[in-house]
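Per-entry structural report
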Amino acid sequence: MPEPCMRYRIPLVGNPSTDVALRSKYIAAFGSACYMSEAGTFDCFGLHVALQG
């Protein structure tokens, strides 16, 4: 069974919801972690996987 992971919101600088060039930069940097929500906001989320040693 996979280890649980936590999603965390990546803080964004500027307003990529309305600035297409800035949105493109975030998508280039974070890929599929960024998306436009149904509410019209642009969000990026990452995963933090707990590693056991």
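Residues numbered from 1 in each chain as written. Predicted model: local features only at pLDDT ≥ 70, side-chain atom pairs only at ≥ 80, totals over all residues. Heavy atoms only, no water.

Some words on helix 1 (residues 20-30)
All of the buried residues in helix 1 are L22, R23 and Y26. Buried positions in helix 1, seen along its axis, are confined to an arc of 100 degrees and lie on one side of it. Among the exposed residues of helix 1, those pointing more than 90 degrees away from its buried face are V20, A21, K25 and A28. Its side-chain oxygen at 3.2 Å from the backbone nitrogen of A21, D19 defines the N-terminal cap of helix 1. With its phi angle positive at about 60 degrees, G31 sits one or two positions after the end of helix 1. (Buried < 20%, exposed > 50% of the residue type's maximum accessible area, 1.4 Å probe, protein only. Helix = DSSP H or I, 4+ residues; strand = E, 2+ residues; numbered from the N terminus. Arc of directions from axis to C-beta. Polar contact = N/O pair within 3.5 Å; in protein donor to acceptor, adjacent residues only side chain to side chain.)

A word on the pattern of salt bridges
Counting across every chain of the model gives 1 salt bridge. Its salt-bridge partner being D43, residue R9 comes within 3.2 Å of it at the nearest N-O pair. Residue R9 is located in strand 1 (residues 5-9), and its partner D43 is located in strand 3 (residues 42-49); the two are separated by 34 residues in the primary sequence. Look at R9 and you get partly exposed, because its relative accessible area is 47%. (Salt bridge = Lys/Arg side-chain N within 4 Å of Asp/Glu carboxyl O.)

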